[in-house]
Amino acid sequence: MIRAAEKVYDCLHRERYRYTLGAAVDERLLAEYADTTEFRVSVYDARHLLPQARVTFRIEPQDGGFLINGALGLDYVTITYLRDARMAATRAMQESLLARLP
Amino acid sequence: MFDFAEFGYDFATNRLVVGGEPMVLHCHHYNCFLQRSIQDAEYIDSAPILVGGAAEVAFAQLTDLLSRTADVAARKATVEALYRACGLGLIDLGALTERGGDVRTRSTHYSIGWKEKFGRSRTPVDFFSTGFLAGALAAIYGLPLADVQARQTACLSTGATEDVFVLSRGPANFRIFAQRQSPVLNPVADDAEPATSVDRQAITRAVAAMPLPVNAEGLIAIFGLYLTRLYGNYYNRISFAFEREMTEAAGRQGVEVAADLFIEAGHICAFNTLGGIMTSPEWDALVLPMLKTREDWFHGIFAWWNACGYGLAKVIEVSATGATIRIYNDYESVGYRRMYGTADHGISYLVTGGLAGVMNLIYLGDIHTKPALTPEFYDRLFKRGRAYKARMTTCQAMGDPYTEIRAELAEPAADERRLEDARASV
C-alpha cells in the first residue's frame, strides 16, 4: 500500500518519487522482480560490519526504464523513471505493484 | 575484464591506487563545474591542459595495467572495460590502429553530464575523454605520448547524436607535463577523535565495499547524480597547472582567484555528492541507525568520505560553532608534491570547500529532513546570509605532517559572487 508519493528533485533527465509504504519493505517486493530475464536486482548486505544496518537493494529492468532504490526494513522506496514516451505507463505499473503490497 | 574490486582499498591511508594512479569519486556537478571554471578564464589556453592532464594519467596507468598482455585486442578490451567501470560511458576501440582512428560513442559522462548541468554547449566539452583516448592509444601500441594527437569533433552536449574523437599520429596537440616524482605518504598519527556512537571505521569499510552500479550506458547514476571514479591526479594536474598559469598572468591575485574557484567546486561537491548521499536510501540503511545528533551526522559523512579515496580524514572537533578535520595524505597534497614539490601556499581546496559544505548541510540546511538539493537551495545555503566558511590551517603539500581544515560560521561578505547558477558560456 502506498501511503504517500512525493516527487523528489532529481537533477538528471529523470523523474524520481519517494513512496512511503504501509509497511516495512520485505522480501515480497524483491520477489515481484525475481525474473532475471526482465530485471537486474542487486543486493548489498553490510551487516557483518554494521550490525544495525539494513540490506540495500537496487532493481532495474533490462531496458533501464526505471530504478528502484531501497532497503529491507525501511518504510519507503524511491523509484526513478527515465523521461521517455513510456514513462507514464511505467510509473503506473510500478505504483500498481507497490499498491498491492501490504 | 576490469574490476576495481580486484584492487584493494587501502584502509591505512584511505586510498585506492590502480596501476599507480589514485582513484577518487566525484560527481558530474563537480567535474563539469571544475572544468568550466578553468575554461572560463579565456586568457588562458585551457584545452591543452585539460586534454594533457587526462592523457598523462591514462597513459601512466594503462602502461602499467596493459603490461600484463601484449595482445592488442585484449589491451583494447581492458581499456574499454576500465572506461566503463569509471562511469565514463561506453567506448569501442575496434577501429583504432597504430596510426589512430575514430572513436564514436553515444554515451560519455562529460558530454551527458555537461548538458544535464549547464544545458547545450556551443562547442565540444569532453576534454577528459579526448586525453584519455590519446593516452590509451599510446599505451595500447607502446607509443610515446608526445607522438599522439587527439581532438573531439562532435559532442552530445552540443546536440549532436554522438561524440566523435579523432586520434592520429604526430606531435602532441596537448600539454605534455614533466615527469612526476614518486608519491610520498606521511605516517598517520594516533590522534584522539571525539567520542561518538558512530562506528566510523565500519562505515568506511562497508561503503568501500559497496558496489557502484554501472548502467547500460556506462554511467553510474546514483544519489541523484552521475558519479565517476576518476584519477585524483587528473583533478590535481588541471587545477594546479591552471593555478600556475593564473599566477603567471596575475601574480598572487591569480592564486586567490583560482583558490576561490576550487573551493567553490568543493562546496558543489559537498552539496551534491555528500548531500545526495545523506538523503539516500543507502544512507538510511547503513548509517542512519547510528545517528542521534547533528555531530553524529558529521562523523557519519566523514566516515563515508573516507571511503572515497581522498585520504584519511579524522574529526578533531565538531559542534554548531565550528569543526576541525585533519587529513593525512589528502590526494591534492600528495599529487601536488609529486608534480611541483613543496607548495608555498595551501592547496587542499577540495576538502576546504567540502568541510564548509558539510557544515552548511548539517547545521544550516537540516539535511536530516531530506531537503531537495536544488540550485535554489544551494544558493540559499552558500550565497545568502550566514554560512560556514573553511580555511586551511596546515597543508601537507607545504611540508606539514597533515592537512588541517577549520570551518566556522561567518557573516556574508558584501561582494560575494554567485558562481554556480550561470548557464554555460563555452
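Remember, it's a predicted structure, so these values are computed and weren't measured experimentally.

## So, the overall build of chain B
Helix and strand counts for chain B come out as 13 helices and 11 strands. Taking 2.2 N^0.38 as the reference for a compact globule, 426 residues should give roughly 22 Å; the C-alpha atoms of chain B span a radius of gyration of 21 Å, in line with that estimate. Judged by the C-alpha coordinates and their principal axes, chain B covers about 60 × 45 × 40 Å. A burial count over chain B gives 56% of its 426 residues as buried. Counting contacts in chain B only where the partners sit at least 6 residues apart, residues at least 24 apart contribute 71% of the total.

## Here's the deal with the domain arrangement of chain B
Residues and elements named next belong to chain B. On domain assignment, one finds that chain B holds domain 1 (8-169) and domain 2 (200-216 + 253-410). The straight-line distance from the C-alpha centre of domain 1 to that of domain 2 is 26 Å. Every contact between the two is made by 20 residues of domain 1 and, on the other side, 18 residues of domain 2. Sorting the residues of the side of domain 1 that touches domain 2 by element identifies β2 (21-27), α1 (28-40) and α3 (72-85) as the ones contributing at least two each. Broken down by element, the residue count for the side of domain 1 that touches domain 2 peaks at 6 residues, all from β2. Looking at side-chain class alone, the side of domain 1 that touches domain 2 contains 12 nonpolar, 6 polar and 2 charged residues.

## Here we look at the interface of chain B and chain A
Across the boundary between the two partners, chain B contributes 25 residues, which contact 23 residues of chain A. The set of elements that each furnish at least two residues to the side of chain B that touches chain A consists of α6 (200-209), β7 (225-231) and α9 (281-286) of chain B. Top contributing element to the side of chain B that touches chain A by residue count: α9(B), with 5 residues. Its residues placed into classes, the side of chain B that touches chain A shows 17 nonpolar, 3 polar and 5 charged.

## Section: the pairing of strand β4 (residues 56-61) of chain A
The two faces of the sheet receive side chains in turn, since in a regular strand these alternate between them. Residues and elements named next belong to chain A. Judged from the 6 bridges that link them, strand β3 (residues 39-44) and β4 form a sheet pairing that is antiparallel. Counterpart to Y44 in the pairing with β4 is T56. As paired elements, β4 and strand β5 (residues 66-71) share 4 bridges and run antiparallel to each other. Opposite T56, over in β5, you have A71 as the bridge partner. Joining the antiparallel neighbours β4 and β5 is a turn of 4 residues, in which G64 adopts a positive phi near 70°.

## Some thoughts on α3(B)
One full turn of an α-helix is made of 3.6 residues, so residues set three or four places apart face in the same direction. Residues and elements named next belong to chain B. A rise of 1.5 Å per residue sets the reference length of α3, with its 14 residues, at 20 Å; its end C-alpha atoms lie 20 Å apart and thus fit the reference within 8%. Here α3 has its buried residues at R75, T78, V79, L82, Y83, R84 and A85. Where the residues of α3 are buried, they touch α2 (47-65) and α5 (127-141). Just beyond α3, the residue with positive phi is G87, at close to 80°.

## Let's talk about the packing of helix α10 (residues 294-305) of chain B against helix α12 (residues 349-364) of chain B
Residue and element names in this part refer to chain B. At a minimum axis separation of 10 Å, α10 and α12 run at an interaxial angle of 150°. The angle between α10 and α12 places the two elements in the roughly antiparallel class. Considering how the two elements wind past one another, α10 and α12 form a crossing that is right-handed. Here R294, W297, F298 and I301 of α10 come into contact with α12, specifically with V358, I362 and Y363. Taken together, the residues of the contact of α10 with α12 sort by class into 6 nonpolar, no polar and 1 charged.

## Examining the environment of B:W283
All names here are of chain B. Note on placement: W283 falls in helix α9. C-beta crowding within 10 Å serves as the criterion here: with 25 such atoms nearby, W283 is assigned to the buried category. For the pair W283 and L25, spaced 258 residues apart in sequence, the C-alpha to C-alpha distance is 17 Å.

## With respect to the environment of B:T130
Residue and element names in this part refer to chain B. Position of T130 among the secondary structure elements: in helix α5. T130 gets classed as buried once you count the C-beta atoms within 10 Å, which come to 30. Here the alpha-carbon distance between T130 and A160, two residues 30 residues apart in the chain, equals 16 Å. The residues touching T130, leaving out its near neighbours within four places in the chain, are V51, A150, R151, Q152 and F165.

Parameters and conventions
Residues numbered from 1 in each chain as written. Chains lettered and ligands numbered in written order. Predicted model: local features only at pLDDT ≥ 70, side-chain atom pairs only at ≥ 80, totals over all residues. Helix = DSSP H or I, 4+ residues; strand = E, 2+ residues; numbered from the N terminus. Rg over C-alpha atoms; globule rule 2.2 N^0.38 Å. Buried ≥ 20, exposed ≤ 12 C-beta atoms within 10 Å, placed from the backbone. Contact = placed C-beta atoms within 7 Å. Domains from an automatic or database assignment. Nonpolar A, V, L, I, M, F, W, Y, C, P; charged D, E, K, R; others polar. Pairing = 2+ DSSP bridges. Expected span 1.5 Å × (residues − 1). Axes fitted to C-alpha atoms, helices over the stretch in contact; angles between N-to-C directions. Parallel < 35°, antiparallel > 145°, perpendicular 65-115°, else oblique. Left-handed = near helix turned anticlockwise from the far one by under 90°.

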